[in-house]
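Notes for the structure review
One letter stands for each residue in the lines below.
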Amino acid sequence: MEKNTEQKKIPLWLALVPFACLIIVMLPSIIILGASPQIPLMMCTGITSLIGILVTGRKWEDIEKAMIDANASAMQANFIIMIVGCLIAAWMAGGIVPGLIYYGLKAFSPGIFLTCLPVICAIVSFSTGSAWTAAGTIGIASMGIAAGLGVPLPVAAGAIITGAQFGDKISPLSDSTNLAAGVTGVNLFDHVKHMLWTTIPSFTIAVCIFAVIGTRYNTDAADVSQINSICQTMQENFIITPWVFIAPLSVIMMIVFRIPAVPGMVFGTIVGVIFAFVQGADAETIMSQMIYGFDITTGNGMVDLLLNRGGMLEMMNTISLVICALAFGGALKSTGCIETITEVILGACKTRGSVMTANVISCIAMNFLTADQYMSIVIPSQMFKDIYAKLNLHPKNLSRLLEDSGTVTSGIVPWSTCGAFYYSTLGVSALFYFPYCFMAYITPIITLAIAFTGFTLTPLDTSKPIKTSVSEDM
Amino acid sequence: MSSTSGKGVRLPNKIEAIIPIVVLLSIMISSYVLDWGFDPHIPVLIACVVAGIIGKICGHSYNDMLTGFLNAVNQSLEAIIIILCVGCLIGSFEWAGTIPAVVYYGLKIISPALFLPLACILCAIVGIALGSAWTVVATLGIAFMSIGATMGLNPGLVAGMILSGACCGDKFSPLSDSTNLSAGVSGTGLFDHVRAMITTTFPSLVMAIILYTLISLKGSATYDPQIANDLSNAIVDHYDYMSPILLIPVLLIIVVALMKLPAIPAVLLISAVGCLFAVIFQGANFADCITMLHYGYSAEVENELCNTLINRGGMDSMLWTNNLVIVAVGFGGILQTIGAVESLLGHMIKRVHTPFQLILVTMLTSIFCITTMCDQYIGAIIPSSMYKEKYDELGLARNTLSRTLEDGGTLWSPLVPWSSCGAYHSKVLGVSTLQYLPFCFMNIINPIYALITAGLGRNIFYADGTYRTIFGKWKQGSVPGAPEEAHEIAMAALAEIRKENPINL
């Protein structure tokens, strides 16, 4: 961008046009047509490029280069996501995920139903890397139990979503986790570790609240037949041994010892394949399952739903979304929209606290305006990346904030993809369960507290302190 | 090459260099021999891991190899994005009825006596329109196989004819992923690449068509038009509107190709036209537009041929290809970082002094890469990364490189039984690779023709845009695209050469 001085600066109203397009195209496409965000994003990219070419005099070559550069920065994340696809398929075939779910469900005790519920959902969503899978399986089963016990359904739904989102958020297998790390250029395992500071306290508080609520209901007489039948089906189809804990432990060890994500995930996959051989699968099946996903028909629909996941091709959906979103991000940047918006934000927010507050608000707003949690991660990341560098903040602070305010609040937007999914699976609308999604409130509050106190924030350049206001370097 | 000129980094010896290739080859060959039939993705990924371990032994750091992997993928990122856009394009064309219209009107003009040459030309035309030999084979190919069977023709001959046409169309088409990839990895413009290919591919196609005409005229046969009629009727029944107007988007591809619009806007523009046609003529709404671009067209009709013809396209349908591109290109990147191919074939480049030798070596390397690594993408990427600097040193244009990659690579891949391409074609057409191989005239003639003309010093594009036609005349074309630095080196080298051997235009 050396020729910037010659190029016309883009006025604020024009810089906001792509965002307006995003809302106008995306919101009806997702809510009414139920479309995936890829094609609407491509349309917005086209419009943004046209603005760049016609109004601000950018060349298509430069815009395309910016799109490719933006994508190049996330290519490692894409590759990790692919390997995660292999890993999930291998862990399914190896009976590792079934084993983890089995032991999770065994720990279930009806007496403390509401306390157990988020924990179990967290285990399932951590081991499958998907909040939706947890809500769509264990979640549905638990809703049945809750109805039998007389626990209000919105409370149960809130507990399920709290657990599912917690597990999804800290799971290195989750696509939103990978996405946040990828678009900010942070090592995946660093990102996960950094998130624990905000996520564990907020989850603990949420579980405590559910425990208190749980004392109001007598839940000893729960009908857990559905849970038991899941356990039984797992046992019939897989060899369930405590050895399966080796696999998640190996991933945790790799996080602790800071092994890079790609070899870490490859190692995890190899462990999964070894387990799969023990389960009696043949090489041919595993190879095709690592591409097309694990495939089993047990006769128990819920188990099938839980386990038929993974594979590189499933992950290619996320990757195509990343490619489209970052092409949009690149177009925004090369046309000068980001520059203008950054100036406006910096004009209004001088201090670190207010910048991060603006960031939290923009993430939550993206959830409401674009109806998609991926957008709430990708778009603010493109907007705030440079500002964080100016504050001498490590990008992992940004990636953590994106998840703390973007991922967790997506569930409380009734018309978002998450809200719609939870409504269709749990049968309770976000309008009713949102007061009980405690994670969605506690995590952003903790994040804001961090923003103003500076607790656990990491500097980009360790030799210098983090700036508390942008004007310091002027 | 490795970025760390650091301690203990060495080139692998020949045995180490060949281990990852042997691993991949043994898995793929045993898959072929034992008929496991799995996709190359995971074997390539395994080979990546093996190559990474070899690299570690040779002293490369993990970060170096990851960077090599990612750099290689990032180099073909444009191609990856184009592949997604092409998926959108095919989806919108299917919904608009454009592709079925091409088939419909194509079937009308075919007469039995000239079946082979006409079908070959039709395959080439549809191949250009679609940019995918695979789609041509899966649609027209199956239809022509059955028409050929009713005429009592050798199935190997019909399959060879289809592949000749389809591969040629695929090669020419600015929509084709192999065309885009070859141009991309060579760092030249898409249409510079197509222009260079015309000099070798077009004469080869003419020769192939002459051969098919001779065979077709020799063998008299009875023609059953029923299959073609059924397909035509199914198409007309299914679509609300069918007229030659629907062919306009195809013509528009040619217009856009002549306008030299950059590839991504061009493809997206034509997809938008496709959407517009779908809305105007087939009554699609906005929701359908999003669906056709993302998931392609899907409908259930009674005619099986028609089903395979229309249920195609969409960004989603390209994810399998993109997945393979990312891992395969990355594998090439790792091999490149650790210097495996240099170790195996690097000695050849030292003996190269003339353009002819360079083209020969490029072609052989491309064929070697496809045969050992089972993928036409690798067959374009590895030779280009090995030899592109040499092309600059000899003052050649980058589109000479991209053309040679296609002459050797793209055309060779359907002839390797265990390559993804060969396995696909033989399965879809129901003819084994070795059975159709002798009849793929185009695929056989083109590399030979390219080598002979290059040996005579003809059809070689230089960095300043000059080339010598097949009749020995020098001509000045537009300067082919190349990275700035490469272009400067090539122009300097060319000035040296021209000082010794001046040419008159």
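**Considering the overall build of chain A**
- When you go through chain A residue by residue, the secondary structure sums to 24 helices and 0 strands.
- Over its C-alpha atoms chain A spans a radius of gyration of 23 Å, differing by no more than 12% from the 23 Å that the globule rule assigns to 474 residues.
- Overall, chain A is about 70 × 55 × 50 Å in size when its C-alpha atoms are taken along their principal axes.
- A burial count over chain A gives 58% of its 474 residues as buried.
- Partitioning the contacts of chain A with sequence separation of at least 6, the portion at a separation of at least 24 is 79%.

**Observations regarding the overall build of chain B**
- Of regular secondary structure, chain B possesses 24 helices and 2 strands.
- Relative to its 505 residues, chain B shows a buried fraction of 58%.
- Considering only intrachain contacts with a sequence separation of at least 6, the fraction spanning at least 24 residues in chain B is 78%.

**Quick look at the confidence of the model for chain B**
All names here are of chain B.
- On average, residues of chain B score 80 in pLDDT, and 88% of them reach the 70 mark or higher.
- Least confident of the elements in chain B is helix H7 (residues 133–150), whose mean pLDDT is 68; most confident is helix H23 (residues 441–455), at 90.
- Across residues 1–5, where pLDDT falls below 50, the model places 9 contacts with residues more than four positions away in sequence or in other chains.
- Interface predicted TM-score (ipTM) for the complex: 0.82; the corresponding pTM is 0.79.

**Topic: the interface of chain A and chain B**
- At the junction of the two partners, chain A supplies 32 residues and chain B supplies 30 residues.
- Elements represented by at least two residues in the side of chain A that touches chain B include exactly helix H3 (38–54), helix H4 (60–73), helix H5 (75–93), helix H14 (261–278), helix H15 (283–292) and helix H17 (312–335) of chain A.
- A per-element tally of the side of chain A that touches chain B places H17 of chain A first, with 7 residues.

**Here's the deal with helix H8 (residues 155–172) of chain B**
- If you check H8 of chain B, its first and last C-alpha atoms are 26 Å apart, about what 18 residues at 1.5 Å a residue would give, namely 26 Å.
- In terms of burial, H8 of chain B is a largely internal element, 16 of the 18 residues being buried.

**Things to note about the environment of Tyr-105 of chain B**
Residues and elements named next belong to chain B.
- Inspection of the secondary structure assignment puts Tyr-105 in helix H5 (residues 98–109).
- On the basis of neighbour count, Tyr-105 is assigned to the partly exposed category, with 16 C-beta atoms found within 10 Å.
- It is 9.9 Å that separates the C-alpha atoms of Tyr-105 and Met-242, two residues lying 137 residues apart in sequence.
- Beyond its immediate chain neighbours, meaning those up to four positions away, Tyr-105 contacts Pro-244 and Leu-247.

**Digging into helix H2 (residues 17–31) of chain A**
- Here H2 of chain A contains 15 residues, and its C-alpha end-to-end distance of 21 Å stays within 8% of the 21 Å for a straight helix at 1.5 Å per residue.
- Listing the buried residues of H2 of chain A in full gives Pro-18, Leu-22, Val-25, Met-26, Ser-29 and Ile-30 of chain A. Along the long axis of H2 of chain A, the arc covered by the buried residues comes to 110 degrees, so they all point the same way.
- Its buried side turned inward, H2 of chain A meets H3, H17, helix H18 (337–348), helix H19 (352–370) and helix H22 (417–426) of chain A together with helix H14 (286–295) of chain B.

**Quick look at the packing of helix H10 (residues 190–218) of chain B against helix H20 (residues 398–412) of chain B**
All names here are of chain B.
- Where H10 contacts H20, the axes come no closer than 8 Å and their chain directions differ by 60 degrees. It follows from the interaxial angle that H10 and H20 lie oblique. In the packing of H10 onto H20, the handedness of the crossing is right-handed. Along its contact with H10, which presents Asp-192, His-193, Ala-196, Met-197 and Thr-200, the element H20 presents Asn-399, Thr-400, Ser-402, Arg-403, Glu-406 and Asp-407.

**Structural notes on unusual backbone geometry**
All names here are of chain A.
- Positive phi is not limited to glycine here, since Asn-392 has a value of about 60 degrees.
- Summarising the element assignment, Asn-392 is placed in the loop between helix H20 (373–390) and helix H21 (395–407).
- Take Asn-392: there are 20 C-beta atoms within 10 Å of it, and that puts it in the buried class.
- Despite not being glycine, Thr-456 shows a phi value in the positive range, around 65 degrees.
- Tracing the backbone shows Thr-456 in the segment after helix H24 (438–453).
- Overall, the presence of 12 C-beta atoms within 10 Å leaves Thr-456 in the exposed class.

**So, the packing of helix H4 (residues 77–96) of chain B against helix H9 (residues 177–186) of chain B**
Residues and elements named next belong to chain B.
- The contact between H4 and H9 brings their axes to 9 Å, and the two run at 160 degrees. For the element pair H4 / H9, the angle class is roughly antiparallel. Handedness of the H4/H9 crossing: right-handed. Listed contacts from H9 to Glu-78, Ala-79, Ile-82, Ile-83 and Val-86 of H4 are Asp-177, Asn-180, Leu-181 and Gly-184.
- Looking at the contact of H4 with H9 residue by residue, the classes come out as 5 nonpolar, 2 polar and 2 charged.

Conventions we followed
Residues numbered from 1 in each chain as written. Chains lettered and ligands numbered in written order. Predicted model: local features only at pLDDT ≥ 70, side-chain atom pairs only at ≥ 80, totals over all residues. Helix = DSSP H or I, 4+ residues; strand = E, 2+ residues; numbered from the N terminus. Rg over C-alpha atoms; globule rule 2.2 N^0.38 Å. Buried ≥ 20, exposed ≤ 12 C-beta atoms within 10 Å, placed from the backbone. Contact = placed C-beta atoms within 7 Å. pLDDT = per-residue confidence, 0-100. Expected span 1.5 Å × (residues − 1). Arc of directions from axis to C-beta. Axes fitted to C-alpha atoms, helices over the stretch in contact; angles between N-to-C directions. Parallel < 35°, antiparallel > 145°, perpendicular 65-115°, else oblique. Left-handed = near helix turned anticlockwise from the far one by under 90°. Nonpolar A, V, L, I, M, F, W, Y, C, P; charged D, E, K, R; others polar.

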